[in-house]
Amino acid sequence: MNKKISLGAAVSLLILIAALASAVTLGVVEKEYNSILKGLPEKIERYEILDELDDVINNYYYGKSEGSDLEQAIAQGYVAGLGDKNSLYMTADRYKEYLSEVNGDMFGIGAEYTKTKNGYIGITKVYDGSPAENSGLKAGDVIVAFDGIRIDVNNYDEMEAKLLGDKLTSVNIIYNRDGNETNVSVVKGYEAQSVFTDAYNSVGYIEITDFYPSTAEQTQQAIDKFLSSDITAIVVDLRKNTSANYEQAVKTLDVFVPMSDSQRAAATVLDENGNVVKTFTTSSGEISLPVAVLVSSETQKAAELFACNIRDFSKGVIVGAGNTRGSVMMQEIFELSKGSAVLLTTGTIMPYKSENLNGVGVAPDYVTEDSPRSDAIEKDSQFLYAVSVLTGEQA
């Protein structure tokens, strides 16, 4: 008599056999055996549901099911079932994009744009250090052709796609500025700038939009420039920073603060049982200028840790209209087969001295009005309030 073994039972049985074989080799049979048995019924049930669903789809679904599409959807749904918005499954292509994003390796020409009334591409912003800037493009320029082909209503989407693309690929652009057309060749791909500086009277301004591997160096260069001038205080703007790169955030923090003491790290990662699984430390060296950190309700993750630690190290104060987002958890990436990956929340992060920030956020020392942010710092009321704090005009 033939009896079908379900996929769930078969897979779980193979897992059990393989794990027990390993356990015997290592001489830890009882411990491994108990660990495996603990979750085995749930695993069997989980795989049996998938097995049953697979049978129903194969036998009754009207259309065709693509195996690779189903695999990706199952993986995405599995992680989504955790109910954690910060954990997600990434396909191989999305994982490549993710690695580029967290390292600041950007695609395209480095410009923001919109569709004009005449159906052309109007440049609204050019990023510092981007191929667009290096090629002479400016906000207000209108791109009318790519590679000798004029943009029209029928090919706009195809032409727009030419602004994107991998590093070291190029495109010829014809743009119109004040009625004159210019032809330039632009090589796509660039390292994103994450630190932007300005000055107002004797107060230096540093906006940190993300934490990339190059951010600490860019920040140090900005401070060195200020120290060689008549700058007497610094405002650090984190209002738009949503980075989850805690390692690079602490490296950037290290530019401002002294060495963390031997009893505690600048940041400590704890697992669900409160065990220390990772620490981030700072080295010797610090700045002597007063610092105010600008935050907003958009400030989150690594930027919240940075702001909190500026205060914990007694290196500055925090200015904002209210608490930051309160999303401070450690995420780690795990590469899977076929080039895909999963980003998982693996712990909570404790600042240098303060309590857990997750779900609470960072409260400002000085509360300012919730006014719109201005690109011109002399018109930015929150920045001006921070200046007044640093210059002693605010009690």
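Residues numbered from 1 in each chain as written. Predicted model: local features only at pLDDT ≥ 70, side-chain atom pairs only at ≥ 80, totals over all residues. Heavy atoms only, no water.

### Observations regarding the sheet that holds strand β19 (residues 366-367)
Strand order in the open sheet made by the 6 strands is β10-β11-β12-β15-β16-β19, with mixed pairing throughout. Each having just a single partner strand, β10 (195-200) and β19 make up the two edges of the open sheet. Pairing of strand β15 (residues 291-295) with strand β16 (residues 316-320), which is carried by 5 bridges, proceeds in the parallel orientation. Pairing of L294 across the sheet is with V319, part of β16. Lying on the sheet, helix α9 (residues 302-312) is in contact with β12 (233-237), β15 and β16; it crosses β16 at an angle near 135°. (Pairing = 2+ DSSP bridges. Helix = DSSP H or I, 4+ residues; strand = E, 2+ residues; numbered from the N terminus. Contact = heavy atoms within 4.5 Å. Axes fitted to C-alpha atoms, helices over the stretch in contact; angles between N-to-C directions.)

### Looking at the packing of aromatic side chains
The full count for this structure, using the stated rule, is 5 aromatic pairs. Pairing Y200 with F383 gives two aromatic rings, centres 6.0 Å apart and planes at 85°, and the pair type is edge-to-face. Within this pair, whereas Y200 is found in strand β10, its partner F383 is found in helix α10 (residues 381-390), the two being separated by 183 residues in sequence. Here F313 and Y352 contribute two aromatic rings whose centre-to-centre distance is 3.9 Å and whose plane-to-plane angle is 5°, an arrangement assigned as stacked. Separated by 39 residues along the polypeptide, F313 in the loop between α9 and β16 and Y352 in the loop between β18 (341-350) and β19 bring together distant segments of the chain. Given a relative accessible area of 9%, F313 falls into the buried group. Judged by relative accessible area, Y352 falls into the buried class, the value being 9%. Taken together, the ring pairs in this structure connect Y200, Y205 and F383 into an aromatic cluster. (Phe/Tyr/Trp six-rings, centres within 6.5 Å; stacked < 30°, edge-to-face > 60°. Buried < 20%, exposed > 50% of the residue type's maximum accessible area, 1.4 Å probe, protein only.)

### Here's the deal with unusual backbone geometry
Even without being a glycine, N201 presents a positive backbone phi close to 55°. Turning to its location among the elements, N201 is positioned in the loop between β10 and β11 (203-208). Within the chain, S314 stands out as a residue other than glycine whose phi angle is a positive 60°. Note that S314 resides in the loop between α9 and β16.

### Observations regarding the nonpolar core
Counting 42 residues, the largest nonpolar core has I234, V236, L238 and F256 as its most contacted members. Elements that contribute at least two residues to this core include exactly β11, α7 (215-227), β12, α8 (246-253), β13 (267-270), β15 and α9. Counting residues in each nonpolar core, the second largest holds 18 residues, with L137, F146, I151 and M159 among its members. (Core = buried A, V, L, I, M, F, W, Y, C linked by side-chain atoms within 4.5 Å.)

### Some thoughts on the pairing of β12
Among the 5 residues that make up β12, 5 are buried, leaving the element largely enclosed by the rest of the structure. Of the two faces of β12, the one holding A233, V235 and D237 and the one holding I234 and V236 are both buried throughout. Pairing of β11 with β12 involves 5 bridges; the strand directions are parallel. Looking at the pairing, Y205 lines up with V235 of β12. The parallel pair β11 and β12, bridged by α7, forms a crossover whose chirality is right-handed. Inspection of the sheet shows β12 paired to β15 by 4 bridges, in the parallel sense. Paired with I234 across the two strands is V291, which belongs to β15. (Right-handed = clockwise from strand over helix to strand, strands pointing away.)

### Brief notes about a nonpolar patch on the surface
Together, L50, L70 and I74 line one region of the surface with nonpolar side chains, adding up to about 220 Å² of accessible area. The topology assignment puts I74 in helix α3 (residues 67-80). By relative accessible area, which is 43% here, I74 ends up partly exposed. (Patch = residues over 30% accessible without salt bridge, like charges linked within 9 Å, V, L, I, M, F, W, Y side chains within 5 Å. Areas by Shrake-Rupley, 256 points an atom, 1.4 Å probe, with all protein chains shown as cover. Salt bridge = Lys/Arg side-chain N within 4 Å of Asp/Glu carboxyl O.)

### Let's talk about the environment of N118
Within the secondary structure, N118 is located in the loop between β3 (111-115) and β4 (121-126). The exposure class assigned to N118 is exposed, which follows from its relative accessible area of 66%.

### Concerning the side chain of S135
Note on placement: S135 falls in the loop between α5 (131-134) and β5 (142-146). Look at S135 and you get buried, because its relative accessible area is 19%. Polar contacts involving the side chain of S135 include one to the main-chain carbonyl oxygen of P131, which spans 2.9 Å. Apart from the residues lying within four places of it in its own chain, the contact partners of S135 are V184, S185 and V186. (Polar contact = N/O pair within 3.5 Å; in protein donor to acceptor, adjacent residues only side chain to side chain.)

### A closer look at the pairing of β13
Judged by which residues are buried, β13 turns out to be covered on both faces: A267 and V269 on one side and T268 and L270 on the other are all buried. Pairing analysis gives 4 bridges linking β13 to strand β14 (residues 276-280), with the strands arranged antiparallel. Each residue of the ladder has a partner; that of L270, found in β14, is V276. Hairpin connection of β13 to β14: 5 residues between the antiparallel strands, including G274 at a positive phi of 85°. Two strands pair when backbone bridges link them, and β13 and β18 are joined in this way by 3 bridges, in the antiparallel orientation. For L270, the partnering residue across the bridge sits in β18 and is T348.

### Here's the deal with the environment of D370
Secondary-structure assignment places D370 in the loop between β19 and α10. Under the relative-accessibility criterion, D370 is labelled exposed at 71%. The spacing of D370 and G322 is 48 residues in sequence and 8.2 Å in space, taken between C-alpha atoms. Not counting the four nearest positions on each side in its chain, D370 is found in contact with A321 and Q382.

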